[in-house]
Amino acid sequence: MADQTNHNQAGEVAPSTVDKQAPSVAEEHAPSTDSPEATDLPTANAPDPKAANPEDNPNAAKPSAASPKREKPAPAAKAAVGEKPASAATEQKPAAAAKAAKKEKAPAVEDKPFVEFIEQDYLPALQKAIAQQGVQDLQVSFAKQKVSITGFESSEECWQIIGSWSEIGQRQFNLYFPEEDIQGKKGFSCNEGKKPSTLESFLIDERKITLDLLVFGLVQRLDGQKWLGRN
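Summarised in this report is the structure supplied together with it. (Residues numbered from 1 in each chain as written. Predicted model: local features only at pLDDT ≥ 70, side-chain atom pairs only at ≥ 80, totals over all residues. Heavy atoms only, no water.)

Thoughts on the layout of surface pockets
In plain terms, the rule: Points on a 1 Å grid, built from protein atoms alone, make a cavity when a 1.4 Å probe fits but cannot get out and make a pocket when they are open with protein on both sides within 12 Å along at least 5 of 7 lines; residues with an atom within 4 Å of a point are the lining residues. Grid points are joined across faces, edges and corners, and a volume is the space filled by probe spheres set on the points. Each residue gets one of three labels, nonpolar for Ala, Val, Leu, Ile, Met, Phe, Trp, Tyr, Cys and Pro, charged for Asp, Glu, Lys and Arg, and polar for the others, Gly among them.
When its volume is computed, the largest pocket comes out at roughly 200 Å³. Class assignment for the residues of the lining of the largest pocket results in six nonpolar, three polar and four charged.

Next up, the structure:
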């Protein structure tokens, strides 16, 4: 085998080409002693900058300062203290209007006190209705007295409507309210110049008595007696 070592003329051994290149290669990749610099040589213990947690790994990639930050949406404005939503206020308006309408509605005449109803509403309506049947001299009164019918002399006094006229003889009728209530028991009697002998029930089959029903019922009863002008 040939000896690979070069010998010069003086008999000294000359360095090989490999030995001449080794220092230059080492110096190229070796760090400078003046200031610390990162080398491009891979390190076995360095963590992956992309996978490592930024808090644990100083070499992890950090977000750019130029990237915009995400802002949280502003919370919806809260209603002022004591202020109600518009929908609730809208719902309350119909209810308030209904209550106002109920307050403004006048009570029925039948709900008045008994005596007040008879004097203010029933007697004028009754006189008008009987006059329309041809009776011109009707006299109507309202009094609390005993029932002047045979067999009832000892009874207590009760409110009565007494009507009379003398167009053909003397005619009289009595409408009795023993309970002082138009919805309660009622009686009727009539006579022609003599003391009445019979006390009849009046409007006993009606569930609710109204002003119009009281007027119509009495006019109908007098018409059945053939006391009105058309008979």
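There is more to say after this.
A closer look at the pairing of strand 4 (residues 158-165)
What counts here: Buried residues are those whose accessible area, probed at 1.4 Å on protein chains only, stays under 20% of the maximum for their type, while exposed residues exceed 50% and partly exposed ones sit between those limits. Put simply, DSSP marks the helices as runs of H or I at least four residues long and the strands as runs of E at least two long, and each gets a number from the N terminus on. Here, strands pair whenever DSSP counts at least two bridges between them.
Among the eight residues that make up strand 4, eight are buried, leaving the element largely enclosed by the rest of the structure. Across the two faces of strand 4 the burial is the same, with Cys 158, Gln 160, Ile 162 and Ser 164 and Trp 159, Ile 161, Gly 163 and Trp 165 all buried. Here strand 3 (residues 139-145) runs beside strand 4; their pairing, made up of seven bridges, is antiparallel. Across the sheet, residue Lys 144 finds its bridge partner in strand 4, namely Trp 159.

Digging into helix 4 (residues 211-224)
Because an α-helix completes one turn every 3.6 residues, residues spaced three or four positions apart along the sequence face the same direction. Here is the rule we go by: To estimate how far a helix should extend, the number of its residues minus one is multiplied by 1.5 Å.
For helix 4, spanning 14 residues, the distance from its first C-alpha to its last is 20 Å, which sits close to the expected 20 Å at 1.5 Å a residue. Listed as buried for helix 4 are Leu 211, Leu 213, Leu 214, Val 215, Gly 217, Leu 218, Val 219 and Leu 222. At the exit of helix 4 stands Lys 226, carrying a positive phi of roughly 60°.

Remarks on the packing of aromatic side chains
The condition is simple: Pairs were defined over the aromatic rings of Phe, Tyr and Trp, the Trp ring being its six-membered one, requiring ring centres within 6.5 Å. Orientation was assigned from the angle between planes: stacked under 30 degrees, edge-to-face over 60, tilted for the rest.
For the structure shown, the criterion picks out six aromatic pairs. Three or more aromatic residues joined by ring pairs make a cluster, and in this case those are Phe 114, Phe 142, Trp 159 and Phe 177.

Topic: the environment of Tyr 176
So the rule is basically this: Throughout, a contact is declared for two residues whenever any of their heavy atoms are within 4.5 Å. Pairs of N or O atoms are called polar contacts if they sit within 3.5 Å, as long as, within protein, a hydrogen donor faces a hydrogen acceptor (for residues adjacent in sequence, only side-chain-to-side-chain pairs).
Here Tyr 176 lies in strand 5 (residues 171-177). Taking the C-alpha atoms as reference points, Tyr 176 and Gln 145, separated by 31 residues in sequence, lie 9.9 Å from one another. When neighbours within four sequence positions are excluded, Tyr 176 is seen to be in contact with Val 147, Ile 149, Cys 158, Trp 159, Gln 160, Lys 185, Lys 186, Gly 187, Phe 188, Ser 189 and Leu 199. Within the structure, the side chain of Tyr 176 is placed 2.6 Å from the side chain of Ser 189, a separation counted as a polar contact.

Quick look at the packing of helix 3 (residues 114-131) against helix 4
Operational definition: Fitted lines through C-alpha atoms give the axes, limited to the stretch in contact for helices. The angle between two N-to-C directions lies from 0 to 180 degrees. What sets the label is the angle itself: under 35 degrees gives roughly parallel, over 145 gives roughly antiparallel, 65 to 115 gives roughly perpendicular, and the rest give oblique. Two helices crossing with the near one rotated counterclockwise from the far one by less than a right angle form a left-handed crossing, whereas a clockwise rotation gives a right-handed crossing.
Where helix 3 meets helix 4, the closest approach of the two axes is 10 Å, and the angle between their N-to-C directions is 40°. The orientation of helix 3 relative to helix 4 falls into the category oblique. The hand of the helix 3/helix 4 crossing is right-handed. Contact with helix 3, carried on its side by Phe 117, Asp 121, Tyr 122, Ala 125, Leu 126, Ala 129 and Ile 130, involves Leu 211, Leu 214, Val 215, Leu 218, Val 219 and Leu 222 of helix 4 and no other residues of that element. A breakdown of the residues in the contact of helix 3 with helix 4 according to their chemical character gives twelve nonpolar, no polar and one charged.

Structural notes on the pattern of salt bridges
The following threshold applies: The term salt bridge refers to a pairing of a side-chain nitrogen on Lys or Arg with a carboxyl oxygen on Asp or Glu at a separation within 4 Å.
With the rule as written, the count across this model stands at four salt bridges. Ionic pairing is found between Arg 171 and Glu 192, a salt bridge with its closest N-O pair at 3.5 Å. Taken as a pair, Arg 171 in strand 5 and Glu 192 in the loop between strand 6 (187-191) and strand 7 (200-201) lie far apart in primary sequence, 21 residues in all. Arg 171 gets classed as buried once you look at its relative accessible area, which sits at 10%. Given the relative accessible area of 47%, Glu 192 is considered partly exposed. Measuring nitrogen to oxygen at the nearest pair gives 2.8 Å for the salt bridge that ties Glu 200 to Arg 221. Taken together, the residues Glu 200 in strand 7 and Arg 221 in helix 4 connect sequence positions 21 residues apart.

The quantities given are spatial measurements derived from coordinates; they are silent on function.
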